[in-house]
Amino acid sequence: MLVKEIITIIEAFAPLAFQESYDNSGLIVGQENDEVTGVLISLDCVEEILEEAIAKNCNMIISHHPIVFSGLKKFNGNNYIERTIIKAIKNNIAIYAVHTNIDNVKNGVSFKIAEKIGLKNCSILQPKDNLLSKIVTYCPKESADKVRAAMFNAGAGSIGDYSECSFNVDGVGTFKGDENTNPVVGKVGELHLENESKIETVVPSHLVNHVVTSLKLAHPYEEVAYDVFNLQNRYANVGSGVVGELIIEEEELSFLKRLKKDLKTDCVRHTKLLDKKVKKVAICGGSGSFLLNNAIAAQADVFITGDFKYHQFFDSENKIIIADVGHYESEQYTSELIYEILNEKFPNFAVSLTENNTNPVNYL
Ligand SMILES: [Zn+2]
């Protein structure tokens, strides 16, 4: 197994294009063509994780948090980041991070937490705009099935839980090739009219080049007419947080106590109870305070996340219960999620979860 084969599986689930602009997901140390002896998965990639990888003969670490977040200028071992990188390079260990891109996909980090606490009917809390494009092409009627299939196979045509979505209309195309052309229908130098189908379909923008390449390969003409439009539409499958419902509504206090148990946390910091039942729950793994207004707008009864600051608790305005379960605690199941993605594709490959708890926060 090569590093790039592992990366392909991870990025098919969580494309790098979906990471936030400030992020540094991807291959941080190592080369794509290196052979992988084993993969160790952790939330953080720190020195003790490197030690564990060495002991377990794993030469690739996949962590949620990127060990390098902003530019490093020196490698002297003066802090834990520099020491981790030096140790990885000395021991030929690849470091890969799958951070906000796995936060931002359907069935990603927050959906995993939702699964652990038993939420149903889950959807993304704050879907993103401007990540979709429309491709329109024109081809001879008899080639339309083949061209459509090629575009779908390359990743076009998904809307929500529907696949192979397109709109098609028949019409007449015209063209006249000069002496440098070799048209598959019609004659050089003569205006030709051809019965064509217009096919339009939607595609995630990061797949446009791939879809266009596949479209050209399947299309019979030597010059393929196609248009690409950027869409402002919301992409329901990509964005931050999740909102879902409990099957049976629960008392506020018993829900928070259950949360403490399910998320194995020593402390849930929460705003005051509102004396109503909990049915709708919003979640954001990690630092999710930026989604508070989305959680309120979604009419969630509780918002579960980490890293809320003192003054931000006031912003709940008695409209929602903020439940801060801790950053590490909220994201602890991310390692399991990454494990499942790899294990589904490579059930026999050496992938293990760390036995180290890297949470730097302790409770007394
Ligand atoms: Zn995090």
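The numbering scheme is per chain: residues are counted from 1 as the chain's sequence reads. Local features in a predicted model are, by the rule used here, given only for residues with pLDDT of at least 70; side-chain atom pairs are given and counted only at 80 or more, and totals for whole chains, interfaces and linings are based on all residues. Values shown for side chains rest on all heavy atoms present in the structure; no hydrogens or waters enter the calculation.

Caption draft 1: Up close: helix α3 (residues 80–90). Using a 1.4 Å probe on the protein chains alone, a residue whose accessible area is under 20% of its type maximum counts as buried, one over 50% counts as exposed, and one in between counts as partly exposed. Every helix listed is a DSSP run of H or I at least four residues long, and every strand listed is a run of E at least two residues long, numbered separately from the N terminus. Burial in α3 covers these residues: Glu82, Thr84, Ile85 and Ala88. One face of α3 carries all of its buried residues, which in axial projection span an arc of 160 degrees. Once α3 ends, the next one or two residues include Asn92, with phi positive near 55 degrees. Note that the arc is defined by the directions from the helix axis to the C-beta atoms.

Caption draft 2: Broad picture of the sheet that holds strand β7 (residues 167–175). One bridge is not enough; two strands pair if DSSP finds at least two bridges between them. What the four strands build is an open sheet, ordered β7-β8-β6-β9; its pairing is antiparallel. Two strands bound the open sheet, and with one partner strand each, they are β7 and β9 (226–231). The mean angle between the axes of side-by-side strands here comes to 25 degrees, regardless of whether they run parallel or antiparallel. Here nine bridges tie strand β6 (residues 132–140) to strand β8 (residues 192–204), and the two strands are oriented antiparallel to one another. Of the residues in β8, the one forming a bridge with Tyr138 is Lys198. Working convention: axes come from line fits to C-alpha atoms, limited for helices to the stretch in contact. Angles between N-to-C directions cover 0 to 180 degrees.

Caption draft 3: Local environment of the coordination of the zinc ion. Note on donors: an N, O or S atom is included if it sits within 2.8 Å of the metal, or within 3.2 Å for Na, K and Ca, and water is never included, so sites can look incomplete. Distances from the zinc ion to its protein donors, His65 (NE2), His327 (NE2), Glu331 (OE) and Glu331 (OE), fall at 2.0 to 2.6 Å. Tetrahedral means four donors with every angle between 85 and 135 degrees, whereas square planar (four donors) and octahedral (six donors) require angles over 155 degrees between opposite donors and between 65 and 115 for all others; sites fitting neither are termed irregular. Seen from the zinc ion, its four donor atoms lie at angles of 54 to 126 degrees, and the figure they make is irregular.

Caption draft 4: A look at unusual backbone geometry. The backbone of Asn57 shows a phi angle near 55 degrees, a positive value even though the residue is not glycine. A residue is classified by how much of its surface remains accessible, and Asn57, at 54% relative accessible area, is exposed. Of note, the phi angle at Asn107 is positive, near 70 degrees, even though the residue is not glycine. Within the secondary structure, Asn107 sits in the loop between α4 (100–103) and α5 (109–117). Note on Asn107: relative accessible area 45%, which makes it partly exposed.

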